[in-house]
Structures are given as C-alpha cells and as structure tokens.
Amino acid sequence: EKQGFRHYMLKEIHEQPGVVRSSLETYLNPNWHVSENPDFSPINLGLSSQLYENTDYIQIVACGTSWHASLIGKYLLEQLAGIPTTVDYASEYRYSPKPVIPKTLTIGVTQSGETADTIAALEMERARRSKLDSKFQAQLLAITNRPESTIGQICNHIINTQAGIEIGVAATKTFIAQVLGFYYLALDLAYHRKTLSNERISEIIEGLHHIPDSIEKTLETQDKAIEELAHNFTQETEDFIFIGRGINFPIALEGALKLKEISYIHAEAYPAGEMKHGPIALLDHKVPVVAVAMPGSVYEKVISNAQEAKARDARLIGVTSAMNSQEAAHTFNDLLTVPEVEELLSPILAVIPLQLLSYHIAAIKGLDVDQPRNLAKSVTVE
Ligand code: M6R
C-alpha cells in the first residue's frame, strides 16, 4: 500500500535509500581489502571467469528509462573497465543489428523483463550467433528487476536489481537500481582486468556507501522546496529544456522523460554543448532550462552553457552539490542541491531532485501520476 504517500511514485522515490542500502549489502563484499588475495573480487556478481577474459566489446539494448541507465553504464564500462561499449534502442537494434564482433557481451536492461523489443533484440542476437564458432557466440547478460521473467530465461548471466515491485508507471527506484548494477559490473570487470588500482576501487566503494544517506538528505531537504518551485510551472509552462554533460547527460534525458510522461509538459534534453547548434533558438522567458551541473570535469562547461541560456531570458534551474552551491547561486534562478559527491557517483544523486520536480508538477496539476495516459508499466507489444 501507499503507506501514507499520496501516490506510489512518491513512495517509490522515498524507498530509494533503502533500495541502495540493500543492494550494496548484496553486491559489495564486506571482507574485501585493498591488498588482499587478487582473486577475491570486491563485487559479488557471480559471473563466470570466461566473461572476464572473453569480453572485448559490450553492446547494450534497452528502452526508455532503462536506455538512460544504459548510457550511464556505457560511461562506466568505458571509463572504468576500458571496454568499448555501444547502447542501442532495442526497437532500432532489432532491425539494424551490428555486424557480429567476436568476444562481445550483449546486455539487455529491462526493469520488467518483459519489454517486447528488448526481448526480441536479445533473442535475435542469440539466434544469429548460435551456429558460429564459440568465440563468436553471444554472452547474454540481463540487468532486471524480475529475474523470473522472460529475459531471465533468455540470458545466461543475470544481475538482479532487487528494487522490489514498482507500481508507478514512471520508473524511479528501479532506475537507480539498474545504475547501481552498472557500477558493480564496471568495477568487477575493472578489478579482473586490472584497469583500476585497488586503491581507486576502494575509494569508489567508500563513496557508494555514502549514497543512501545522501539520498535521504536530498529527500529531506529538497522535497518541500521542490514542491514550492513546482507551482511555477503548472499553469503556463509548455516546454522545458534539460541540459547536462558527460556522465550526467543521461540524467538530463531522464529528467525530461519523467516530466513528459507524468506531467504532459513537452521536454527535451540535450548535451549542454549542443544547445548552440540549434535548440538555443527555442529559448525565451517562457522556457525553463534545467541544468545538471555537478562538480567535476565538465562543471565549468555546463555553467557557461547555462549562462548562454540565461542570456536568452530562460529561467535557469540548477542541480548541483552543496560544495558548489554558493558559487552556483550566481548563475541559477533556482538551485536544487544534493550533498557533496564525486563526479563518478553524481548521477545517482542528481536524478533525485528531477524525479521530485516532475512528480510535484504532475501532482499539483492533479494528474494521474501513477497511471499516466497512454502508457503501460510493461510494454509487451512491439
Ligand atoms: O521494463 P522496462 O525497463 O524494459 O521498460 C522500459 C520502458 O518502457 C520504461 O523505462 C519507460 O520508459 C518508463 N515508464 C519510464 O519511466
């Protein structure tokens, strides 16, 4: 039941600290120490050693929010484990598959495990490789919240995101859990392939351990403030633009999708550097711009892209961390602040204010947040 929350979506947003805590308990090895036995991975995924040795290339297929989680996954797999990775919409991949590359790991990401296009893309991949030499055959990994589902039966490896049942059509806690799945996979591969030092791995793990408290803090400090802010966009706002860069560009995409699907406000997301190649022409005082500006390698760039938007009279909303909030206050009209966090882990926190923003806009508009029009929780038709 809703346990006092007005909607399942809000309840599920608030469940996220607990989801992360129990996921970390399942997948991080508490007894791992930097200098110990090199065969003892810090991550408990139970993958086969063949997968560590035989993966030169990764291809990911997914839809919707799962596709956004996959884009973060690509960043992590490339940057931490050094494995070239592509991400395709499953509905596109089915009809224009890549040439077969040996030693490829194919990953299907689907909360429900039943999305028709994702299943079909994986089945096609398995079929077209099944008659080939063993090193060309598909290794299939599912990242899913329902290991007993169809995808669980197709794949020979599974990461169970174990976020618990999600009732709201808008994915929230399952998104966070999928993203965590990619941190584990990237760290596990990095560990076995020695692309990261044990010291760096341990630093990232330490950072992960702080995430549940930081999500809690974000919910405590931001929920009411974002609800208040949301009132500004419930009457006349017809369009929103979201911008982000690097590991947080997918968070801009996710913020825009959440807003579209539950509040019915048109929203687009762009890599911040792309604005000047066209979309900036859309901006005026009626189009709010949300910039995901988390401290890190591209922070200054995002700020300067945000300032360009401000010069076109756009109302600027910034998602940033406590570390930068004083400075960022000069740029943004409204600031949504999360606790300090290193760039690599920042998407897990940056998405929380965006979930709340779309939720509150839709709730104030009196819309059916949990069952938005035209949408189903599980898309089992093509
Ligand atoms: O069950 P799946 O993860 O495969 O679902 C994919 C999309 O249909 C899903 O993420 C959809 O975009 C959500 N409603 C987004 O909130």
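The shown structure was predicted, so the numbers you read here are calculated from the model rather than taken from an experiment.

**Student:** Where do I start with the pattern of salt bridges in this structure?
**Tutor:** Taken as a whole, this structure holds 19 salt bridges when the rule is applied. Notably, a salt bridge pairs Glu 15 with Lys 173, separated by 2.8 Å at the nearest N-O pair. A residue pair is termed long-range when its members are at least 10 positions apart, and Glu 15 in the loop between helix H1 (8-14) and helix H2 (16-27) and Lys 173 in helix H8 (residues 173-193) qualify at 158 residues. Residue classification places Lys 173 among the buried residues on the basis of a relative accessible area of 3%. In this structure, Arg 200 and Glu 203 form a salt bridge, with 2.5 Å as the shortest nitrogen-oxygen distance. Placement of both Arg 200 and Glu 203 in helix H9 (residues 198-230) is noted, with a separation of three residues, approximately one turn of the helix.

**Student:** Where do I start with the nonpolar core in this structure?
**Tutor:** Inside soluble globular proteins, nonpolar side chains tend to come together where they are buried. Counting residues in each nonpolar core, the largest one holds 94 residues, and the members touching the most others are Ile 107, Phe 240 and Phe 242. Per element, the largest residue contribution to this core is 13 residues, and it comes from H8. With 19 residues, the next largest nonpolar core counts Ile 243, Tyr 299, Ala 306 and Ala 328 among its residues.

**Student:** Sorry, what's going on with unusual backbone geometry here?
**Tutor:** Excluding glycine, residues mostly carry a negative phi; peptide bonds, for their part, are mostly trans. Backbone geometry at Tyr 264 places phi at a positive 60°, although glycine is not the residue there. Among the structural elements, Tyr 264 can be located in the loop between helix H10 (249-263) and strand S7 (266-271). Even without being glycine, Asn 374 reaches a positive phi, approximately 70°. Turning to its location among the elements, Asn 374 is positioned in the segment after helix H13 (346-364).

Cut-offs used in this document
- Residues numbered from 1 in each chain as written.
- Predicted model: local features only at pLDDT ≥ 70, side-chain atom pairs only at ≥ 80, totals over all residues.
- Heavy atoms only, no water.
- Salt bridge = Lys/Arg side-chain N within 4 Å of Asp/Glu carboxyl O.
- Helix = DSSP H or I, 4+ residues; strand = E, 2+ residues; numbered from the N terminus.
- Buried < 20%, exposed > 50% of the residue type's maximum accessible area, 1.4 Å probe, protein only.
- Core = buried A, V, L, I, M, F, W, Y, C linked by side-chain atoms within 4.5 Å.

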